[in-house]
Amino acid sequence: MFDNLSEKLGGILDRLTRRGSLTEADVDAAMREVRRALLEADVSLDVVRSFTEKVREQAIGATVVKSVTPGQMVVKIVHDELIATLGSDAQSIDLNAVPPVAIMMVGLQGSGKTTTTAKLARRLTQRDKRKVLMASLDIYRPAAMEQLAVLGRDLDIPTLPIVTGQKPAQIAKRAMEAGKLGGYDVVLLDTAGRTTLDEDMMAEAAEIKTSVNPHEVLLVADALTGQDAVNLARSFDQRVGLTGIVLTRVDGDGRGGAALSMRAVTGKPIKLIGTGEKTDALEDFHPSRIAGRILGMGDVVSLVEKAAATIDAEKAARTAERMRKGQFDLTDMREQLLQMANMGGVSGLLGMMPGIAKMKNQIANAGLDDKVIKRQVAVIDSMTRQERKNPDILKASRKKRIAAGSGVKVEDVNKLLKMHRNMADMMKAMGSGKRGPMAGIAQAMGFGGGMPSPEQIKALAEKMPDGAGPGGMPALPKDLPAGLRQGLPSLPGLTGLSGKPTLPGLGSFPGLGKKK
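Residues numbered from 1 in each chain as written. Predicted model: local features only at pLDDT ≥ 70, side-chain atom pairs only at ≥ 80, totals over all residues. Heavy atoms only, no water.

## Observations concerning the overall build of the chain
Spelled out, the test is: Helix numbering and strand numbering both begin at the N terminus, where a helix is a DSSP run of H or I of at least 4 residues and a strand a DSSP run of E of at least 2. For the exposure calls, accessible area comes from a 1.4 Å probe over protein chains only, and a residue counts as buried if that area is under 20% of its type's maximum, exposed if over 50%, partly exposed in between. Contacts are assigned to residue pairs with any non-hydrogen atoms lying within 4.5 Å of each other.
Broken down by element type, the chain carries 22 helices and 9 strands. Classification of the 516 residues of the chain by burial places 45% in the buried group. Sequence-distant contacts, at least 24 apart, represent 72% of the contacts inside the chain between residues at least 6 apart.

## Overview of the packing of helix H14 (residues 330-342) against helix H17 (residues 371-381)
Applied cut-off: All axes are obtained by fitting lines to C-alpha atoms, using only the stretch in contact for helices, and the reported angles, taken between N-to-C directions, cover 0 to 180 degrees. Reported orientations rely on four angle classes, namely roughly parallel under 35 degrees, roughly antiparallel over 145, roughly perpendicular from 65 to 115, and oblique for the rest. Take the far helix as your reference; a near helix turned counterclockwise from it by less than a right angle gives a left-handed crossing, and one turned clockwise gives a right-handed crossing. Residue polarity is assigned by list, with Asp, Glu, Lys and Arg as charged and Ala, Val, Leu, Ile, Met, Phe, Trp, Tyr, Cys and Pro as nonpolar; anything else, Gly included, falls into the polar class.
At a minimum axis separation of 10 Å, H14 and H17 run at an interaxial angle of 155 degrees. It follows from the interaxial angle that H14 and H17 lie roughly antiparallel. H17 is crossed by H14, and the crossing has left-handed handedness. Residues Leu330, Arg334, Leu337, Leu338, Met340 and Ala341 of H14 touch H17, and the partners they reach there are Ile373, Gln376, Val377, Ile380 and Asp381. Among the residues making up the contact of H14 with H17, the classes are represented as 8 nonpolar, 1 polar and 2 charged.

## Some remarks on the sheet that holds strand S3 (residues 186-190)
Sheets are built from strands paired through backbone hydrogen bonds, the pairs being either parallel or antiparallel. We apply this condition: At least two bridges found by DSSP between two strands is the condition for calling them paired.
The strand order S2-S3-S1-S4-S5-S6-S7 describes an open sheet built from 7 strands, whose pairing is mixed. Among the strands making up the open sheet, the edge pair consists of strand S2 (132-136) and strand S7 (282-284). Neighbour to neighbour, the strand axes of the sheet diverge by 25 degrees on average, direction disregarded. By the bridge criterion, 5 bridges tie strand S1 (residues 101-106) to S3 in an arrangement that is parallel. Looking at S3, one finds that methionine 104 is bridged to leucine 189. Where helix H6 (residues 144-155) meets the sheet, it contacts S2 and S3, and its direction lies at approximately 160 degrees from that of S2.

## As for the nonpolar core
Cut-off, in case you're wondering: In these notes, a set of buried Ala, Val, Leu, Ile, Met, Phe, Trp, Tyr and Cys residues joined through side-chain atoms within 4.5 Å is what counts as a nonpolar core.
Core analysis: the largest hydrophobic core is formed by 69 residues, its most contacted members being Leu189, Leu219, Phe236, Leu247 and Met262. Broken down by element, the residue count for this core peaks at 7 residues, all from helix H4 (residues 70-86). The contact partners of methionine 262, leaving out residues within four places of it in the chain, are Leu219, Ala221, Ala229, Val230, Ala233, Ile245, Leu247 and Gly267.

## Focus on the packing of helix H2 (residues 24-40) against helix H3 (residues 45-60)
In the contact formed by H2 and H3, the axes pass within 10 Å of each other and the chain directions differ by 155 degrees. In terms of axis orientation, H2 runs roughly antiparallel to H3. When the axes of H2 and H3 are compared, the crossing they make is right-handed. Contacts between H2 and H3 pair Glu24, Val27, Asp28, Met31, Val34, Arg35, Leu38 and Leu39 from the former with Leu45, Val48, Arg49, Phe51, Thr52, Val55, Arg56, Ala59 and Ile60 from the latter. A class-by-class count of the residues in the contact of H2 with H3 yields 11 nonpolar, 1 polar and 5 charged.

## Here's the deal with the environment of isoleucine 290
Of note, isoleucine 290 is situated in helix H11 (residues 287-294). Sequence-wise, isoleucine 290 and isoleucine 83 are 207 residues apart; in three dimensions their C-alpha atoms are separated by 8.1 Å.

## What to know about empty space enclosed by the protein
Heads up, the condition is: As defined here, a cavity is a set of points on a 1 Å grid over the protein atoms alone where a 1.4 Å probe fits but cannot get out. A pocket is an open set with protein on both sides within 12 Å along at least five of seven lines, and residues line them when an atom is within 4 Å of a point. Grid points are joined across faces, edges and corners, and a volume is the space filled by probe spheres set on the points.
A complete count under the given rule lists 5 cavities of 30 Å³ or more for this structure. Computed from the structure, the largest cavity encloses a volume of approximately 90 Å³. Lining the largest cavity are Met134, Ala135, Ser136, Met145, Leu148, Ala149, Thr159, Leu160, Pro161, Ile162, Ile171 and Arg174. Secondary-structure elements contributing two or more residues to the lining of the largest cavity are S2, H6 and helix H7 (168-181). Residues belonging to the lining of the largest cavity are distributed by class as follows: 9 nonpolar, 2 polar and 1 charged.

## Considerations on the pattern of salt bridges
Selection rule: For this document, the term salt bridge refers to a Lys or Arg side-chain nitrogen within 4 Å of an Asp or Glu carboxyl oxygen.
As enumerated under the stated definition, the model contains 12 salt bridges in all. Across the pair arginine 127 and aspartate 284 runs a salt bridge, and its minimum N-O distance is 3.3 Å. In this pair, arginine 127 sits in the loop between helix H5 (113-126) and S2 while aspartate 284 sits in strand S7, placing the two residues 157 residues apart along the sequence. Judged by relative accessible area, which is 23%, aspartate 284 ranks as partly exposed. Two residues, aspartate 222 and arginine 249, come together in a salt bridge whose shortest N-O distance is 3.2 Å. A residue pair is termed long-range when its members are at least 10 positions apart, and aspartate 222 in strand S4 (residues 216-222) and arginine 249 in the loop between strand S5 (244-248) and helix H10 (257-266) qualify at 27 residues. For aspartate 222, a relative accessible area of 10% corresponds to the buried category.

## Describing the side chain of serine 261
Its location among the elements puts serine 261 in helix H10. A relative accessible area of 0% places serine 261 in the buried class. Once you skip the residues sitting within four places of it in the chain, serine 261 turns out to touch Asp42, Val43, Ser44, Val47, Gln227 and Val230.

## Some remarks on H10
Along H10, 7 of the 10 residues are buried, which leaves the element largely enclosed by surrounding structure. Among all positions in H10, only Gly257, Ala258, Ala259, Leu260, Ser261, Met262 and Thr266 are buried. Immediately downstream of H10, the backbone of glycine 267 shows phi near 80 degrees, a positive value.

## Remarks on the pairing of S4
On a regular strand, one side chain projects to one face of the sheet and the next to the other, so that they alternate. Burial within S4 is extensive, with 7 of its 7 residues counted as buried. Where burial is concerned, the two faces of S4 agree: the one with Glu216, Leu218, Val220 and Asp222 and the one with Val217, Leu219 and Ala221 are both buried. Pairing analysis gives 4 bridges linking S1 to S4, with the strands arranged parallel. Bridge pairing in S4 places isoleucine 103 opposite glutamate 216.

Quick look at the structure:
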């Protein structure tokens with residue numbers, strides 16, 4: 001969603017960081033461009049004005065830290081101000097109340113309320129281990145209640161039985177009674193929306209709120225609506241009283257202005273973001289991580305969290321043990337490719353890596369898409385068990401058969417085998433823990449010697465380039481499983497990050513030489 005804004009701000013700040021010293025005129029010129037970039041991204045005019053004034057004020061009077069150029073200091077100031085605009089701290093759904101805790105979902109029709117209700121129910125059930133009841137109060141939209149019931153059946157989460165002829169406020173009261181009698185922890189109330197803001201909808205939402213007094217009132221807003229989303233948030237806050245915002249379609253090509261404006265205009269935190277159509281595509285909104293993504297600094301913590309949520313710990317431990325022994329066959333490689341696909345595919349992972357945003361055009365020209373992983377899995381699936389275990393037996397005739405079976409060329413089969421060989425060699429080197437370039441990585445990833453000591457980490461942080469982002473490396477989340485605290489899981493093919501990034505089956509990106 002933030003691609004356009006990221007590209008423009010990245011270009012402006014890049015020009016500043018190349019300067020040895022900055023004059024007031026340099027800062028003014030840069031702020032004019034930042035202002036234009038934010039306005040084009042659909043950020044509210046008042047928010048833009050306040051943002052650029054604060055950055056300019058700090059940038060001109062900035063005390064420049066030793067070994068940091070004035071331009072890099074401005075990048076830090078812009079980063080900090082972006083975090084302040086988005087809301088300093090991440091705020092999650094508050095469940096500290098007497099159960100059943102009522103959560104009311106409000107918003108316009110088509111913003112994704114019903115789907116978001118199901119996503120939130122799944123999240124509360126699976127992650128927070130809460131007993132959740134969903135209730136649809138939408139008596140106007142055809143089959144709205146049935147839609148929630150179907151989603152509930154798919155996710156194995158109970159929904160309130162449909163009784164025709166009841167008003168929304170009556171359904172809400174019935175849902176709360178059912179919640180008390182059934183011993184539920186949370187009751188999610190999916191209210192009706194309209195195509196536009198109208199008095200009837202507001203009055204109905206206010207009546208529901210009065211009748212059940214929900215602990216959370218979440219506005220579900222479409223990130224693609226831009227400035228209208230800000231007016232919508234303001235109106236709902238004035239009439240119903242919001243406790244937080246959920247932004248949907250963040251994976252779309254919206255300009256990101258809604259996210260920057262809504263928090264600043266309403267003062268209400270953005271608590272969750274919808275990142276896709278599937279019911280697991282709901283994430284916490286972390287201002288510092290989003291600011292990092294906008295400025296092309298990556299989002300390593302979210303990457304680790306995604307790994308923690310999707311990687312099967314037992315399988316990972318088994319694979320790690322085999323790697324230690326130097327036994328990395330094509331079945332292990334298939335497991336790694338599938339885990340990579342589950343974590344959001346190549347494009348999803350690259351989006352969270354520092355510095356990748358600046359190489360977006362080269363990545364697009366390289367024809368990089370998630371079909372690469374599917375094709376490689378198909379090639380491995382076309383092999384016999386013996387061939388996967390012992391790739392050395394693959395001669396010309398077998399390769400032809402595999403290529404025909406998976407719908408690719410023989411060259412693609414050869415590329416996959418070469419990639420497997422490289423990975424197997426790397427795993428062997430890491431497993432043996434020999435001194436050399438791989439030894440440090442092996443130690444950091446828990447392949448021998450455990451995690452580096454705090455002193456080593458401190459020394460490493462001091463050596464890191466200034467471009468690693470303000471404040472050095474981000475802290476790992478507290479709820480991360482112990483197994484993953486030993487280091488990031490290894491990703492297939494992402495081994496050449498010291499020079500050109502390499503990815504499965506692609507070798508290196510064309511035209512990505514060193515920076516001039």
